[in-house]
2 protein chains.
Amino acid sequence: MALVVQKYGGSSLENAERIKRVAERIVATKKAGNDVVVVCSAMGDTTDELLDLAQQVNPVPPEREMDMLLTAGERISNALVAMAIASLGAEAWSFTGSQAGVVTTSVHGNARIIDVTPSRVTEALEQGYIALVAGFQGVSQDTKDITTLGRGGSDTTAVAVAAALDADVCEIYSDVDGVYTADPRIVSNARKLDTIPYEEMLELAASGSKILHLRSVEYARRYGVPIRVRSSYSDQPGTTVAGSIEEIPVEQALITGVAHDRSEAKVTVTGVPDHAGAAARIFRTVANAEIDIDMVLQNISDTAGRTDITFTLSKANGPRAVSELEKIKSELGFSAVLYDDHVGKVSLVGAGMRSHPGVTATFCEALAEAGVNIEIINTSEIRISVLIRDTQVDDAVRAIHEAFELGGDEEAVVYAGSGR
Amino acid sequence: MALVVQKYGGSSLENAERIKRVAERIVATKKAGNDVVVVCSAMGDTTDELLDLAQQVNPVPPEREMDMLLTAGERISNALVAMAIASLGAEAWSFTGSQAGVVTTSVHGNARIIDVTPSRVTEALEQGYIALVAGFQGVSQDTKDITTLGRGGSDTTAVAVAAALDADVCEIYSDVDGVYTADPRIVSNARKLDTIPYEEMLELAASGSKILHLRSVEYARRYGVPIRVRSSYSDQPGTTVAGSIEEIPVEQALITGVAHDRSEAKVTVTGVPDHAGAAARIFRTVANAEIDIDMVLQNISDTAGRTDITFTLSKANGPRAVSELEKIKSELGFSAVLYDDHVGKVSLVGAGMRSHPGVTATFCEALAEAGVNIEIINTSEIRISVLIRDTQVDDAVRAIHEAFELGGDEEAVVYAGSGR
C-alpha cells in the first residue's frame, strides 16, 4: 500500500463534469489500496475572475487582502472535489493550506514554504479518509496571515506535502500526458520520456518548459520526492521525474530534450566605458529593481575603450529595466539602452553532454544549417542555450531535435490545452 | 469616540459598485472618529451559485464540506470590501470567522456561537485599522472544523462580535430603512419606528418579520447590544432596537406593530381518542423528527370521546410531519392526518397590551369587520397571533393596523428588495 499525492490543475477542474471525473480517478486510486492526498488548484477561470473583481474595487489592491481573496478559489474547488468523492461512496475531508499545516514566509503573493506539519492530514488518512489540501496557499509563520505561494504554487504545495508525508509519489495532473523531448506542437515526432532525472527537469523548466514549475522540481529534488507527470484525460503512466544524473552511468547518459522560451527580451547597453565597476553598476541597478536577468554577453572593448553589455530578462520586466538604466546614463556615460523583444531562447538539455565532446559543435552546426544565427550562447554542465530571433524558434527546435535524433516513431499525441 | 459594528447583507454587496458605496460609508464612519468593525455577508448571488455547484457534484453534499464551500463566499466579499476601503485611503484587514475568534458548536450548517475571542480584531483596531469579519461562520470548539451558523448567521455574527467588543452599537444594513409598524408593501401608511424594545422585536421576528433574525435579537438582548436597523441606500437613522419593556412606564407602553407570516402550514390529526398520552405521543413523534411546531389547538372531545388536534409548522417541514404521523396512525387509532398549506399568520405586538384590557376584543372585532375568520388564536404577554386563510392576510394586516391607529401621515417609502 502506497501513499499517493495527486495534484489537479485548474483546467482539470473546469466545471462540475470535470470535477466528477477527477473524483472518479481519486476514488479508483484509493480503492486500489492506497492512501490518497489530493491538492487542487482553483477551478478554471476562478482566479482570473477574482482578480478582475479586485481590480474593479481597487486598481492596486493591498497584498494581504489579495491573498485572502484568491485563496477562496482553492477552498471552493477542494470542497467540491470532496463532495464529488463522497457521492461515489468514499469519504473525504478538505483542508485549507493553513489547516494542513503549510507554514510560509510573510511575503504575500510570493510566499515560500518554511515547513509543512500535516497532522490533520495524517489523522484523516488514519481514519480512512481521502484528504484534500488547498494548493497555492499557506499561513505566515510570523503574522498568522493567509499567504499565497506565487507561480506554480499548487505544484509546490503538492510536492511539499508529499515530502512531509514521505509519500511514495507525487502525481501532477494536467492536460499533457508527460514530458516530451520537445514541444509536440512544434516537433511532430517528439517522444514522450518515460523518466527524467531531477537536474535535467530543472534545466528544462528553467529553459521555458511549462510542464512543471521550477520551484516544485527543486523541492522534489531536495527531498527525494518522485514526481509523475500525467494527463487527467487518460490512463497513460506519464513521465517520472526522479533520480539524479549522478546515478546515471556515464555510458548511458543521454541528450534528453529541447526546450524553448518566447518570454524573454534582450537589453543592450551600448558604448559603456570599459572601466572596472561599469558592468557591476549596470547589473546592480537592474537587481535593485528586483529584476532577474538570465543570459549575459559582454563584448571585448573596441579601440575607443568602449563595449556593449547585453543581457536577457523576462519581457514583463523589460520596460522597467530600461527606464532604470536610463536614469544612470549620464552618471555612467554610456551611449544608449536598446530594447529588443523579438528574441527567443532555445535550449538542449541532457546529462550526456558532460561526457560527450562535440555536442556543442553538433548543436551549432545544426543551427547553422537551418539558417539560424546565434546572438548569445550560454551553457551549464548539462544545458546549452542560445538566444536567436523569435521567428526562428520553431526551425531551431526542429533542427536540434533532428540533429540529436531525439524523435520517436509515433506521431506525438497533442491534447487541447497549452501544455499546462 | 465610539466602537461601531456594521453589518452589510448580500444585496448591499451585490457588485463592485455597491461594494465601493459600502466602503465609502465605512470610511466616513471611521473618519467621524469611531473604531469600526464590519461584518459582511457573501455578495448577492454567491451563496446560491455555490449551492448550485455543490448540487451538481453531489445531490446530498456532506455538511462539513458544504461549510468549507459556502464560507468562501464571505471570504471573498470581506476581502473585496477591505480592498475598496484601502482605495479610499483608509486601512483595513479582513478576517475569517475563525481568525476573528468566533467559536461554535460542531453542528455543520446550523452551528451556535459558544464564544467570541476577538483578539486579532482588537489588535487591528488598536493599530488604527478597520476590521472586517466574515459573517455566517466560525470554527468548531471540538473538531476545529469550519462551521456556518444557519439562517441569519451574519446578523448573529455582527451582534456577537459587538457584544464581545462591548461595542456602542451594532448597525444592521439592508435595503429597508428601519422597522415599520407593518409591511409597507401591504399598508401604505405604515410608520417607521424610531425605537423598539428587545422583547417586542423578538415577537415581531418570531411572527414573520424578516428585518432581523430571531437569534441575533435574542443575543443582543442577552448582552445588551443596541441594534440599529438602517438602509445602505440612504442616510436615514433607521430604527434602534434596545431597552426592555420593563423600562417603559406603564402609561407609555404602546401597541407597536403588525407582523404577518405566510411560511406556515396547518396539520390536523382528526378523531384522536381522548385519553391521556395521545396528544403527547403526537407531539413527541413530530419532535423526534426535529420539527418545531408553533401554534396548537385542541378541541374539547366530542360525545364519542374523540378530539381533533391541530398545530402549525413551517411549510418546509409539512410533508415530513404528515408522513411521520401516518406511521403511528394505527397505533394511536386516530382517523386521519389533514394538511393545509393555505394558511397565514397575523400578529399584533406591543408592551401596551399588558396594561390595556380590551386589546384582544378590539383585535377580534377588527378582523370580524374585515370578514376574516379566526381559525386558531395564540397569545403571549405582548403578542396576539391568529391563523387565518392566506388569501386574507393583507386585509387582516390592514384592518388591525387601522384599528390600533398605527399609521403615520406620510406614505411609507418602499425600496426595491424583499425587506432583507
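In the annotation of an unreviewed UniProt entry, chain A is listed under the name Aspartokinase and assigned to Saccharomonospora viridis. Of the comments in the UniProt record for chain A, the one headed Sequence similarities (unreviewed entry) reads "Belongs to the aspartokinase family." According to UniProt, the comment filed for chain A under the heading Catalytic activity (unreviewed entry) is "L-aspartate + ATP = 4-phospho-L-aspartate + ADP".

In terms of regular secondary structure, chain A is built from twelve helices and 20 strands. Counting only C-alpha atoms and orienting by the principal axes, one finds that chain A spans roughly 80 × 55 × 35 Å. Here chain A holds 420 residues, and the buried ones make up 57% of them. Relative to all contacts within chain A whose residues are 6 or more apart in sequence, the contacts with residues 24 or more apart total 76%. Taken as a whole, chain A presents about 17300 Å² of accessible surface, with 48% of it coming from carbon and sulfur. Taken together, the 37 basic and 59 acidic charged side chains of chain A have centroids lying 3 Å from each other.

Residues annotated in UniProt with the feature "domain: ACT" (unreviewed entry) correspond here to residues 267–351 of chain A. Its end C-alpha atoms 31 Å apart, residues 267–351 of chain A is made of 29% helix and 40% strand.

What follows is about the relation of the copies chain A and chain B. Take chain A, turn it by 180°, move it 0.1 Å along the axis, and it overlays chain B with an RMSD of 0.1 Å. Taken together, the turn and the small shift mark the pair as related by a two-fold rotation axis. Minimal C-alpha separation from the rotation axis in chain A is found for A72 of chain A, amounting to 2.4 Å. Most of the interface of chain A is mirrored in chain B: 100% of its interface residues are interface residues there too.

Here we take up the UniProt feature "binding site: substrate" (unreviewed entry) in chain A. All names here are of chain A. In this structure's numbering, the residues bearing the UniProt feature "binding site: substrate" (unreviewed entry) are T47 and E74. For this annotated set, covering 28 residues, all C-alpha atoms fall within 8.9 Å of each other, a compact arrangement in space. Topologically, T47 is positioned in helix α2 (residues 46–57). Residue T47 is classed as partly exposed on the basis of its relative accessible area, which comes to 24%. T47 has contacts with A42 and L70, leaving out every residue within four places of it along the chain. One can find E74 in helix α3 (residues 63–87). In contact with E74, other than residues within four places in its own chain, are C40, S41, A42, A134, G135, F136 and Q137.

Moving on: the interface of chain A and chain B. Contact residues are listed per partner, giving 39 residues for chain A and 39 residues for chain B. Taken together, both faces of the contact between chain A and chain B bury some 3200 Å²; the carbon and sulfur share is 65%. For chain A, the biggest contributors to the area lost against chain B are V57, R75 and M83 of chain A; these three give 24% of the whole. Where chain A packs against chain B, one counts two salt bridges. In this structure, D145 of chain B and R120 of chain A form a salt bridge, with 3.1 Å as the shortest nitrogen-oxygen distance. At the boundary of chain A with chain B, the tally comes to 16 residue pairs in polar contact (both at pLDDT 80 or more). Contributing elements (two or more residues each) for the side of chain A that touches chain B: α1 (16–31), α2, α3 and β3 (92–95) of chain A. Residues that form the side of chain A that touches chain B fall into these classes: 24 nonpolar, eight polar and seven charged.

Another aspect to go through is the pairing of strand β11 (residues 227–231) of chain B. Residues and elements named next belong to chain B. Of all the five residues making up β11, four are buried; the element is thus mostly covered by neighbouring parts of the structure. One ladder, built from five bridges, connects strand β9 (residues 169–174) with β11; its direction is parallel. Across the sheet, residue S174 finds its bridge partner in β11, namely S231. When β11 meets strand β12 (residues 239–241), the two strands line up antiparallel, connected through three bridges. When the sheet's bridge partners are listed, V229 is paired in β12 with T239.

We now examine the pattern of salt bridges. In total, this model carries 46 salt bridges over all chains according to the counting rule given. One salt bridge connects E17 of chain B with R21 of chain B, and the closest N-O pair in it is separated by 3.8 Å. Within this pair, E17 of chain B and its partner R21 of chain B are both found in helix α1 (residues 16–31), separated by four residues, close to a single helical turn. Here R221 of chain B makes a salt bridge to E218 of chain B, at a shortest N to O gap of 3.0 Å. Here R221 of chain B pairs with E218 of chain B, and both are found in helix α7 (residues 214–223), just three residues apart, close to one helical turn. A relative accessible area of 26% means that E218 of chain B is categorised as partly exposed. What you see here is one network of salt bridges that share partners, running through R64, E65 and D145 of chain A together with R120 of chain B.

Once that is clear, we can look at the confidence of the model for chain A. All names here are of chain A. With 97% of its residues at a pLDDT of 70 or more, chain A shows a mean pLDDT of 92. A low-confidence stretch, residues 414–420 stays under pLDDT 50, and its non-local contacts, those more than four residues away or across chains, total 23 contacts. If you check the scores for this complex, the pTM reads 0.85 and the ipTM reads 0.82.

What counts, and where the lines are drawn
Residues numbered from 1 in each chain as written. Chains lettered and ligands numbered in written order. Predicted model: local features only at pLDDT ≥ 70, side-chain atom pairs only at ≥ 80, totals over all residues. Heavy atoms only, no water. UniProt positions renumbered as here; feature names shortened; annotations may be inferred. Helix = DSSP H or I, 4+ residues; strand = E, 2+ residues; numbered from the N terminus. Buried < 20%, exposed > 50% of the residue type's maximum accessible area, 1.4 Å probe, protein only. Contact = heavy atoms within 4.5 Å. Areas by Shrake-Rupley, 256 points an atom, 1.4 Å probe, with all protein chains shown as cover. Lys, Arg positive; Asp, Glu negative; His and termini not counted. Charge placed at Lys NZ, Arg CZ, Asp CG, Glu CD. Least-squares fit on C-alpha atoms with pLDDT ≥ 70 in both. Buried area = accessible area lost by both parts, 1.4 Å probe. Salt bridge = Lys/Arg side-chain N within 4 Å of Asp/Glu carboxyl O. Polar contact = N/O pair within 3.5 Å; in protein donor to acceptor, adjacent residues only side chain to side chain. Nonpolar A, V, L, I, M, F, W, Y, C, P; charged D, E, K, R; others polar. Pairing = 2+ DSSP bridges. pLDDT = per-residue confidence, 0-100.

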